[in-house]
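# Structural description and commentary
Residues per chain are reported as follows:
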Amino acid sequence: MTAITNKDLRKTEVHNNKIRETSLSDRIFGGVVIILSILCFLIILYPLWFVVIASISNSDLVNQGKVTFLPVDIRFYGYQQVFTDHRIWNGYMNTIIYVVAGTALNLAVTMPAAYALSRPDFRARNPVMMYFVFTMYFSGGLVPLYMTISSLGLISTKWILIIFVAVNTYNLIIARTFIQNSIPNDLYEAAILDGCSHFTYFFKVVLPLSKAIISVEMLYYGVFHWNDYFNALVYNYNQANEPLQMVLRRILLLNEAYASGNGGVQGGYGQSSADQVKYAVMIVSTVPILCVYPFVQKYFEKGVMIGAVKG
Amino acid sequence: MKGNAKTIVKNRPRKSIGWYLAKDWQLWIMLFPAMVYILIFCYVPMYGAQLAFREYSFEAGITGGKWVGMKYFNQYFGSSMFLSTLQNTFTISAFSILLGFPAPIVLALIINQIRNNKWKRTVQTTVYIPYFISTVVLVSMLNVLFAKKGGVLSDFMKMLGLVPEKANLLGQAKYFVGMYVGSGIWQSMGWNSIIYIAALSSVDTQLYDAAKIDGANRWQRVVHIEFPVLVPTIMILLIMNMGGILNVGFDKVYLMQNTLNLKASQVISTYVYDVGVKSSQFSFGTAVGLFTNVVNFIFLLSANWVSKKITGSGLM
């Protein structure tokens, strides 16, 4: 795939604007495109909008299906409950620990390894690459992994949720591809002539030139840690260590099971107000990531692009 | 890239192996943490997968139990869960690919056709958002939006006559696949379209000029210029998707499961968790997991082979 620069993008746009739409078929086509794009926009946005308005509306009216486009009978009961619920704050604290410590560990493990694998003069490069890539396609399965972790004594500790997954092969590959393609080898040759070691070169030259890929990796790993509930479900049985997503599961889903007759009330809320709390919880847990999102959007797109380039 | 690396190595004056080792020890140190991690969390469990052929005993550990051969595989193949988990997994996978795969392509073509740049940017930004919603929140959104009573979207669908008045979209097994696949498309369509949008922006503008002179209208330009540009990307991604056909993600299925829809929602990965971890049938759980991994691996190798035949480049 060829690299796409902003210049190319602009060229296409200018070019598109130059095309005059005179024929009837083109005008119909333009109309269909607008209708379809509005439809896509609404389908994506409406569920999100509904959660927002439901979180500040009277939950009885929401349950009767009377809240559709605008909030009705505005109240903030749900948010009040959420902000006084210690489980949520405990979950938040744990998640922040896992995101910060986990992502720091991810970068510390992934970046040096990616650098080593990017060196064309590294003799064992291909076998080591195979060593990593093979794990993408084959694994021992959940139970042996569980037993390995258990024999290491890591079950129900905060450690396992930080350590797991220290290095993701896909992320390792995109970091390697980036370093290989965007840092000119001349720099390395020059550094070597000056008697620079791999360590010095990595810290003084590669890392400062890799800000883009470091942001991408940080975001990929960070979002993984933020959204992860699976590892907490399987490897942690200590409620004090539960990340936010597990707390959410208790409040949002296990309580829901009660409502449909499957037993097990986990929340301490009355059923009438429980629903409003749910909407508030959804908002409170998603807002941080959505707040960061506009600032990091371009890095995400960049990450996808780097990942698509086969190295 | 590879050719480049080779010429660099070739052009350098020959050095002794000792020189390379002395140079490479630093690289080995940088690789060390990642390699150790992979060893412990990927290769040790692979070695431990022999538990599938052994009786588990607490004292003897993972690899010390009595050898029982195919006993646990036969137990799985002989149980009623074998066909139902396999079928559920295949159904969910197949529909995810069938419906979920074309969605981002169509979306990319639509977005690419929007002439107003502000609106284009707005649509793009909006369609990426759902990707960042966690699975737990997504599933609870499904639970409220499609609730049997008062669910805004289930009511809307009933109003349009898409589903019968009495339908319980969350509690009836027959709706499970639709809910799973539909919410999957909603969540990842925008994200997956990024790659196609990028490919579309690399279209040679001369092609448009030529087509315009030949009197092609916009629809014809989409069909004859833009779609062909996407074909290589489509092929590669399709083959990658086919490779993971038994890899139905645990996360969302597990959260969407309830006693009412279990008939359609018990897939292999959730079954492995239920029997292997929750009810501690370690050997049996390992056997079921190993079976899936082997099948997946075979699928992937075949996909890779097909990819090499068609596109000239494989994934491995």
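Note that residues are indexed from 1 along each chain, following the sequence as it is written. Starting at A for chains and at 1 for ligands, labels are handed out in the order in which the entities are written. Whole-chain, interface and lining totals are the exception, using all residues; otherwise, since this is a predicted model, local features are given only for residues with pLDDT of at least 70 and side-chain atom pairs are given and counted only at 80 or more.

## Thoughts on the overall build of chain A
Helix numbering and strand numbering both begin at the N terminus, where a helix is a DSSP run of H or I of at least 4 residues and a strand a DSSP run of E of at least 2. Looking only at helices and strands, chain A has 15 helices and 0 strands in total. Burial in this document is a count-based property: other C-beta atoms within 10 Å of a residue's C-beta are tallied, and the residue is buried at 20 or more, exposed at 12 or fewer, or partly exposed in between, with C-beta positions derived from the backbone. Per-residue burial for chain A yields a buried fraction of 37% across its 311 residues. Residues are scored as being in contact if the C-beta atoms we place from backbone atoms lie within 7 Å. Restricting the contact set of chain A to residue pairs at least 6 apart, pairs at least 24 apart contribute 71%.

## Topic: the overall build of chain B
In terms of regular secondary structure, chain B is built from 15 helices and 0 strands. On C-alpha atoms alone, chain B measures out to a radius of gyration of 25 Å, which is more than a quarter above the 20 Å that the 2.2 N^0.38 rule sets for 316 residues. Overall, chain B is about 80 × 75 × 35 Å in size when its C-alpha atoms are taken along their principal axes. Across the 316 residues in chain B, those meeting the buried criterion constitute 36%. To get the radius of gyration, use the C-alpha atoms; to get the globule rule, take the number of residues to the power 0.38 and multiply by 2.2 Å.

## Here we look at the packing of helix H2 (residues 24–55) of chain A against helix H5 (residues 102–113) of chain B
Helix axes are fitted to C-alpha atoms over the stretch in contact, other axes to C-alpha atoms as well, and angles between N-to-C directions run from 0 to 180 degrees. Between H2(A) and H5(B), the least distance of the axes is 9 Å, while the angle of their chain directions is 120 degrees. Classified by the interaxial angle, the pair formed by H2(A) and H5(B) is oblique. By crossing handedness, the relation of H2(A) to H5(B) is classed as left-handed. From H2(A), A:Val33, A:Leu36, A:Ser37 and A:Cys40 reach across to H5(B), where they touch B:Leu107, B:Ile110, B:Ile111 and B:Gln113. Across the contact of H2(A) with H5(B), the residue classes break down as 6 nonpolar, 2 polar and no charged. Just so you know how the angles are binned, under 35 degrees is roughly parallel, over 145 roughly antiparallel, 65 to 115 roughly perpendicular, and the rest oblique. Here a crossing is called left-handed whenever its near helix is offset anticlockwise from the far helix by less than a right angle, and right-handed whenever the offset is clockwise. Side-chain classes are defined by residue name, with Ala, Val, Leu, Ile, Met, Phe, Trp, Tyr, Cys and Pro counting as nonpolar, Asp, Glu, Lys and Arg as charged, and the others, Gly among them, as polar.

## Re the domain arrangement of chain A
All names here are of chain A. What fixes the domain bounds is an automatic or database domain assignment. Domain boundaries assigned for chain A yield domain 1 (6–75) and domain 2 (81–308). Tallying the contact residues gives 7 residues for domain 1 and 7 residues for domain 2. Counting only elements with at least two residues in the side of domain 1 that touches domain 2, the list comes to H2 and helix H3 (59–63). Counting residues per element, the side of domain 1 that touches domain 2 draws most heavily on H2, at 4 residues. Across the side of domain 1 that touches domain 2, the residue classes tally to 4 nonpolar, 3 polar and no charged.

## As for the nonpolar core
Within soluble globular proteins, side chains that are nonpolar tend to cluster in buried spots. In this description, a nonpolar core means buried residues of the types Ala, Val, Leu, Ile, Met, Phe, Trp, Tyr and Cys, linked to one another by C-beta atoms lying within 7 Å. Residues A:Ala113, A:Val281 and B:Val288 are the most contacted members of the largest nonpolar core, which totals 138 residues. At 12 residues, helix H9 (residues 173–200) of chain B tops the list of elements feeding residues into this core. Not counting residues within four places of it along the chain, the set of residues in contact with B:Val288 comprises B:Tyr76, B:Ile268, B:Tyr271, B:Val272 and B:Val275.

## Remarks on the interface of chain B and chain A
Each side of the interface is counted separately: chain B has 86 residues, and chain A has 94 residues. In the side of chain B that touches chain A, the residues fall into 56 nonpolar, 24 polar and 6 charged.

## Examining the domain arrangement of chain B
For chain B, the domain assignment lists domain 1 (2–53) and domain 2 (71–311). Between the C-alpha centres of domain 1 of chain B and domain 2 of chain B there is a distance of 36 Å.

## Describing the confidence of the model for chain A
The pLDDT value expresses, per residue, how confident the predictor is, ranging between 0 and 100. Mean pLDDT over chain A: 82, with 85% of residues reaching 70 or higher. Residue range residues 256–269 of chain A is modelled with pLDDT below 50. Its contacts to residues more than four positions away, or to other chains, number 24 contacts.

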